[in-house]
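Here is how the chains run, residue by residue.
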Amino acid sequence: MTSLPYLRLLRQESAAFSACLGHDLSAPVPHCGEWTLRDLAEHMGRGNRWAAAAITDKRGDYEAPPAPRAGAEVRGWFDASVDELLAVLDTDPAIEAWTFSPPHTVGFWQRRRAQETLIHRWDAQNALGRALPFDPEFAADGVAEVFDTMAPRQIARGRAEPPRHALRLRATDTGRSWTHGPGEPVAEISGKAERLLLMLWGRVSAADASLSWSGDRAAGAAVLAGPLTP
């Protein structure tokens, strides 16, 4: 985990997500099944309150209430969930909390909710036809989180098989690289950190023109097939 200013980033990305809720909530959200923008808002608001309970009550079975039925009330309901979450996250990141993966600290949630909001902010803006770019370092941290948290959890929960080969991802704008899988990498994908992150979360195809491949592409694609993220 890095020392990125997660609370500032979470506040910033949440505000950008909230701005989308002033538009047509019935807009379909690509890459999120049959969800509309309202469904995505409910997912985010309930997730914020679930994470807050994981910190305050140290539990992972909290059932957050649904969003209001009236569309005009959804944005305020979501904004209130952000305020609740930020209030409990604004503390020592080393404090113990319930989490679904190590470290079992508040710092885990500072990072996780910031990254969750980043991806879904993109989803919301993309649904409205105007997705804005990511901060490169924030996006690179998101790539790292996929490999240190999400992919191992997929395997632990039986949703994915351990990779048979290693794949390297290289961010051309930050200079960072990551290797997932055993042994020497059989293939490498390079591109901007934002494009790599969107690929790992299924928002961009691995065949997208913004990404460059080298090595055994078929073996590398098998590693990506994981699936690496929920």
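Residues numbered from 1 in each chain as written. Predicted model: local features only at pLDDT ≥ 70, side-chain atom pairs only at ≥ 80, totals over all residues. Heavy atoms only, no water.

Enquirer: Run through the packing of helix α4 (residues 106-127) against helix α5 (residues 136-156), naming residues and quoting values.
Expert: Contact geometry of α4 with α5 gives a least axis separation of 10 Å together with a crossing angle of 115°. The two elements α4 and α5 cross, and the hand of that crossing is left-handed. Residues Phe 108, Arg 111, Arg 112, Ala 114, Gln 115 and Leu 118 of α4 pack against Phe 138, Asp 141, Gly 142, Ala 144, Glu 145, Asp 148, Thr 149 and Met 150 of α5. Across the contact of α4 with α5, the residue classes break down as 6 nonpolar, 3 polar and 5 charged. (Axes fitted to C-alpha atoms, helices over the stretch in contact; angles between N-to-C directions. Helix = DSSP H or I, 4+ residues; strand = E, 2+ residues; numbered from the N terminus. Left-handed = near helix turned anticlockwise from the far one by under 90°. Contact = heavy atoms within 4.5 Å. Nonpolar A, V, L, I, M, F, W, Y, C, P; charged D, E, K, R; others polar.)

Enquirer: Break down the nonpolar core for me, with residues and values.
Expert: Grouped together as the largest cluster of nonpolar side chains are 64 residues, with contacts concentrated most on Leu 169, Trp 178, Ile 189, Leu 197 and Leu 200. In terms of residue count, α5 provides more of this core than any other element does, 9 residues in total. Non-local contacts of Trp 178, meaning those with residues more than four positions away in its chain, are made with Ala 140, Val 143, Ala 144, Phe 147, Leu 167, Arg 168, Leu 169, Ala 171 and Leu 196. (Core = buried A, V, L, I, M, F, W, Y, C linked by side-chain atoms within 4.5 Å. Buried < 20%, exposed > 50% of the residue type's maximum accessible area, 1.4 Å probe, protein only.)

Enquirer: So what about the pattern of salt bridges? Which residues, and what values?
Expert: Once the charged atoms of two side chains with opposite charge are near each other, the side chains can pair. Counted under the stated rule, the structure contains 12 salt bridges. A salt bridge links Arg 195 to Asp 208; its shortest N-O distance comes to 3.4 Å. Of this pair, Arg 195 sits in helix α6 (residues 193-200) while Asp 208 sits in the loop between α6 and β4 (212-215), and the two are 13 residues apart along the sequence. Each of Arg 111, Asp 141 and Asp 148 takes part in a single network of salt bridges with overlapping partners. (Salt bridge = Lys/Arg side-chain N within 4 Å of Asp/Glu carboxyl O.)

Enquirer: Give a detailed account of the packing of aromatic side chains, specifying residues and quantitative values.
Expert: According to the stated counting rule, one finds 7 aromatic pairs in the structure shown. Seen in terms of ring centroids, Phe 100 and Trp 109 are 5.8 Å apart; in terms of plane orientation they differ by 80°. Their pairing is edge-to-face. An angle of 90° between the planes, with centres 5.1 Å apart, marks the rings of Phe 108 and Trp 109 as edge-to-face. The buried category is assigned to Phe 108, whose relative accessible area is 3%. Each member of the aromatic cluster is reached from another via a ring pair, and the members are Trp 50, Trp 98, Phe 100, Phe 108 and Trp 109. The side chain of Arg 153 reaches across the aromatic face of Phe 100, ending 4.1 Å from its centre. (Phe/Tyr/Trp six-rings, centres within 6.5 Å; stacked < 30°, edge-to-face > 60°. Lys NZ or Arg CZ within 6 Å of the ring centre and 35° of its normal.)

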